[in-house]
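Report on the structure
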Amino acid sequence: MLLLPGAEPFRHDGGEVGVLVCHGFTGSPQSVRPWADYLAERGLSVSLPLLPGHGTRWQDMQITGWQDWYAEVDRELWRLRERCAQVFVFGLSMGGALALRLAAHHGDAVSGVCVVNPANKVHGLAAKALPVVRHLVRTSKGIASDIAKDGATETGYDRVPLHAAHSFRRFLQRLDAELPLVTQPLLLMHSPEDHVVPPADSARILSRVSSRDVTERLLERSYHVATLDHDAGTIFDESYAFIGRLTGAAAAGEGAAGRG
């Protein structure tokens, strides 16, 4: 199957600290690739998988569900664990939700979590109708490229397959019940103006997790896909500093030092 431009998965073998980066619903690795590149350039081991059904055409996503998406990031987490002393999970939107579930289920195997505009709920009256409507209508309008920065675009589907949307909704309901199992240090960054995931989702997540080490940052100049927006540099710097604080600067950058 032909991939959309920039939708290729990405792996980088760096130092003893690994980062799993997860992209969002109907999106692709392209939306978070600059983030992954930034971390890789600083010597970290990085894995950015392509979620099943994504990065090709929406019809391929229609026959996948949350179990497929979660299984992919779960496999990548263990691949990183095999070669790294510590592993962090990062994610944008649904990728943030996947990262939070990994943290909830894997305990000490995850050293910390960083999420950007994480999803917690499929909103609106239409969401409640998904169980029925998905059998009558195949797709709805796409959600890609909610970006404030002129000229920046996200590689994602222009339609949302409703079978997949229904599965996503069920996943978020399940995750909400599991959020108290998240105990790892958490860095949550979100945009006050987001036309895909409202700030209420971040507030809900912050109120539900059991993490004691929690940092919240506002991305004032960006919309939903903040990793491609005006605040991208802030996300990259803050997340790298987060890793450095929890591992020690030397540990976080030892791959870079070794390559130099």
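The structure displayed is predicted, hence computed values, not measured ones.

From N to C terminus, the protein chain includes 10 helices and 9 strands. The burial tally for the protein chain puts 56% of its 260 residues in the buried class. At a minimum sequence separation of 6, the contacts of the protein chain that also span at least 24 residues come to 78%. On the protein chain, roughly 10,900 Å² of surface is accessible, and the fraction owed to carbon and sulfur atoms is 51%.

On to the pattern of salt bridges. Counted according to the given criterion, the structure contains 13 salt bridges. Of the charged contacts in the structure, one is a salt bridge between Arg83 and Asp13, with a shortest N-O distance of 3.9 Å. Remark: Asp13 occurs in the loop between strand S1 (10–12) and strand S2 (17–22) and Arg83 occurs in helix H3 (residues 66–83); sequence separation between them is 70 residues. Since its relative accessible area comes to 58%, Asp13 is described here as exposed. Here Arg208 makes a salt bridge to Asp176, at a shortest N to O gap of 3.9 Å.

Further remarks concern the side chain of Asn120. By the secondary structure assignment, Asn120 is in the loop between strand S5 (112–116) and helix H5 (125–133). Taking the relative accessible area as the measure of exposure, Asn120 reaches 9% and is therefore buried. A polar atom in the side chain of Asn120 sits 3.2 Å from the side chain of Asp176. Every residue in contact with Asn120, bar those within four places of it in the chain, is listed here: Leu172, Asp176, Leu179, Asp201, Arg204 and Ile205.

The first and last C-alpha atoms of helix H4 (residues 94–106) sit 18 Å apart over 13 residues, in line with the 18 Å expected at 1.5 Å per residue. Most of H4 sits inside the fold, with 12 of its 13 residues counted as buried. When H4 is considered as a whole, its buried residues turn out to be Met94, Gly95, Gly96, Ala97, Leu98, Ala99, Leu100, Arg101, Leu102, Ala103, Ala104 and His106. Count one or two residues on from H4 and you reach Gly107, which has phi positive near 50 degrees.

With respect to the helices and strands, Cys22 occurs in strand S2. Apart from the residues within four sequence positions on either side, Cys22 is in contact with Val32, Val73, Phe90, Gly91, Leu92 and Gly95.

With respect to burial, strand S8 (residues 186–190) is a largely interior element, 5 of its 5 residues being buried. Where burial is concerned, the two faces of S8 agree: the one with Leu186, Leu188 and His190 and the one with Leu187 and Met189 are both buried. Bridge count between S5 and S8: 4 bridges; the pairing is parallel. Bridge pairing links Cys114 to Leu187 in S8. Where S8 meets strand S9 (residues 214–218), 5 bridges bridge the pair, whose relative direction is parallel.

This part is about the pairing of strand S3 (residues 45–48). Along S3, one buried face is formed by Ser45 and Ser47 and the opposite face, lined by Val46 and Leu48, is buried too. Two strands pair when backbone bridges link them, and S1 and S3 are joined in this way by 3 bridges, in the antiparallel orientation. Within S3, the position partnered with Phe10 by the bridge is Leu48. The pairing of S2 with S3 spans 3 bridges and is parallel. Within S3, the residue paired with Leu20 across the bridge is Ser47. You can see the chain leave S2, run along helix H1 (residues 33–41) and come back into S3, and the turn it takes is right-handed.

A few words now on the environment of Asp158. Structurally, the position occupied by Asp158 is in the loop between strand S6 (139–141) and strand S7 (159–161). Sequence separation between Asp158 and Ala144 is 14 residues; the distance between their C-alpha atoms is 6.8 Å. Apart from the residues within four sequence positions on either side, Asp158 is in contact with Ser140, Lys141 and Gly142.

Below, the discussion takes up the sheet that holds S2. Sheet architecture is open: 7 strands sit in the order S1-S3-S2-S4-S5-S8-S9, paired in mixed fashion. Strand pairing shows two members of the sheet lacking a second neighbour, S1 and S9, which therefore form its edges. Each adjacent strand pair in this sheet contributes to an overall mean axis angle of 15 degrees, direction not counted. In this fold H3 packs onto S1, S2, S3 and strand S4 (86–92), with an angle of close to 170 degrees to the strand it touches most, S2. Sitting on the sheet, H4 is in contact with S2, S4, S5 and S8, with an inclination near 150 degrees to S4.

What counts, and where the lines are drawn
- Starting from 1, residues in each chain are numbered consecutively following that chain's sequence as written.
- pLDDT decides what is reported in this predicted model: residues at 70 or higher carry local features, side-chain atom pairs at 80 or more are listed and counted, and totals for whole chains, interfaces and linings draw on all residues regardless.
- Hydrogens and water are ignored here; the side-chain numbers use all heavy atoms of the structure.
- Where helices and strands are cited, they refer to DSSP runs of H or I of at least four residues and of E of at least two residues respectively, numbered from the N terminus.
- Exposure is judged per residue with a 1.4 Å probe applied to protein chains only, and the accessible area is read against the type maximum: over 50% gives exposed, under 20% gives buried, and values in between give partly exposed.
- Between two residues, a contact is recorded if the distance between any of their heavy atoms is within 4.5 Å.
- Per-residue and other accessible areas were derived by the Shrake-Rupley procedure at a 1.4 Å probe size, with only the shown protein chains allowed to occlude residues.
- In the sections that follow, a salt bridge refers to a side-chain nitrogen of Lys or Arg positioned within 4 Å of a carboxyl oxygen of Asp or Glu.
- Under the rule applied, a polar contact is a pair of N or O atoms within 3.5 Å (in protein, one hydrogen donor and one hydrogen acceptor; residues adjacent in sequence only if both atoms are side-chain atoms).
- Multiply 1.5 Å by the residue count of a helix minus one, and that product is the helix's expected span.
- DSSP calls a pair of strands paired once it identifies at least 2 bridges connecting them.
- The crossover handedness rule: strands pointing away from the viewer, path from first strand over the helix to second strand clockwise, crossover right-handed.
- Orientation is described by lines fitted to C-alpha atoms, with helices fitted over the stretch in contact, and by angles between N-to-C directions that extend from 0 to 180 degrees.

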